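Reading the structure
Below are the chains, spelled out letter by letter.
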Amino acid sequence: MFTGMLHTHVLVVSLFLILYLVKTFLLVIGKHDTLDKFSKKTKVAEMIISTLFFLTGIYLAIYSGQRGAWLWVKLFVIACSIPLAVIAFKKKHNASALLSLMFLVYAYGISETKTPFMSDNKPFETGNLQGVEAGKAIFDAKCQQCHGADGTLKLSGAKDLTASTLSRDEKIAVVMNGKNAMMSYKKQLTQQQIEDVVAYVETLKSK
Ligand code: HEC
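Owing to the predicted nature of the structure, the values given are computational and were not obtained by experimental measurement. (Residues numbered from 1 in each chain as written. Predicted model: local features only at pLDDT ≥ 70, side-chain atom pairs only at ≥ 80, totals over all residues. Heavy atoms only, no water.)

**Things to note about the packing of helix α7 (residues 168-177) against helix α8 (residues 191-204)**
Here α7 crosses α8 at 125°, and the two axes come no closer than 10 Å. The angle between α7 and α8 places the two elements in the oblique class. Handedness of the crossing formed by α7 with α8: right-handed. Together, R168, K171, I172, V175 and M176 of α7 and Q191, I194, E195, V198, V201 and E202 of α8 make up the contact between the two elements. Grouping the constituent residues of the contact of α7 with α8 by class yields six nonpolar, one polar and four charged. (Axes fitted to C-alpha atoms, helices over the stretch in contact; angles between N-to-C directions. Helix = DSSP H or I, 4+ residues; strand = E, 2+ residues; numbered from the N terminus. Parallel < 35°, antiparallel > 145°, perpendicular 65-115°, else oblique. Left-handed = near helix turned anticlockwise from the far one by under 90°. Contact = heavy atoms within 4.5 Å. Nonpolar A, V, L, I, M, F, W, Y, C, P; charged D, E, K, R; others polar.)

**Some thoughts on the site of the ligand**
Contacts to the ligand come from 23 residues, most closely from C143, C146, H147, S164 and M182. Measuring from an oxygen atom of the ligand, one finds a side-chain N or O atom of K159 at 2.9 Å. With respect to the pocket detection grid, the ligand is positioned in the second largest pocket. Those elements that provide at least two residues to the shell around the ligand are α6 (131-147), α7 and α8. (Near = heavy atom within 4 Å. Polar contact = N/O pair within 3.5 Å; in protein donor to acceptor, adjacent residues only side chain to side chain. 1 Å grid on protein atoms, 1.4 Å probe; cavity = no way out; pocket = protein on both sides within 12 Å on 5 of 7 lines; lining within 4 Å. Sits in = over half its atoms within 2 Å of the grid points.)

**Notes on the layout of surface pockets**
Within this model, the largest pocket holds a volume of roughly 810 Å³. Taken together, 34 residues make up the lining of the largest pocket; nearest its centre are L6, H9, L60, K74 and S111. Those elements that place two or more of their residues in the lining of the largest pocket are α1 (2-28), α3 (43-63), α4 (69-91) and α5 (94-113). Tallying contributions element by element places α1 first for the lining of the largest pocket, with seven residues. Residue classes in the lining of the largest pocket are distributed as 21 nonpolar, nine polar and four charged. Mapping the lining of the largest pocket onto the domain boundaries places at least three of its residues in each of domain 1 (2-113) and domain 2 (131-204). A volume near 620 Å³ is recorded for the second largest pocket. Surrounding the second largest pocket, 28 residues form its lining, H147, K159, L161, V174 and M182 being those nearest its centre. Taken together, the elements giving at least two residues each to the lining of the second largest pocket come down to α6, α7 and α8. Counting residues per element, the lining of the second largest pocket draws most heavily on α6, at six residues. Of the residues contributing to the lining of the second largest pocket, the split by class is 16 nonpolar, eight polar and four charged. (Points joined across faces, edges and corners; volume = space filled by probe spheres on them. Domains from an automatic or database assignment.)

Right, dumping it as structure tokens:
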């Protein structure tokens, strides 16, 4: 369910951005008549897209295992972009349209990286812990909010790790590259740390 919502959200947000880009472009190059015609033609589509945008967004915000400061910043930025967009197209005001577009693109960047600074390069410190012990520390800090301390919580569409049929290498690939709601840990964890956390995940099985 969550994964389906996530895909729907990404799809409608992409459609919304395309519509918005076309309208902003028409506004900025001064084709106001074409803009009005285009807006009229796409009015119903835009209403459906915006409604789906909000409904899926609210669902994801409620059921997401990753409600950090980034989510509030994102919601705030989107909330700011709406009145700007309304003013922009009503009053044919270029600067408002561009500013609103920047807000939307910034919100998109925040969602991708899950941080308001759009960079997730902060390495994780495991101190002198090693192997499975380091893996457990990483798991508790980074993974359990979706997978639960024992790996069986399935928040944000996460899989039950105790029932995983993936091989060790396949698990490493999921952690490296991310999948659906799960982000990539390539930048936050070293190769060794990823191997350690997967070694810990392997111990959750068959208990
Ligand atoms: C934001 C929530 C979230 C966080 C945090 C998260 N995961 Fe996931 N994880 C998921 C989701 C969602 C899936 C299912 C992806 C899919 O197949 O659609 C998943 C799948 C997996 C899988 C594959 C399971 C299978 O059998 O397909 C592994 C292994 C895994 N996660 C390990 C981890 C580890 C290790 C961490 C911490 C470094 C972590 N996850 C952090 C959400 C999360």
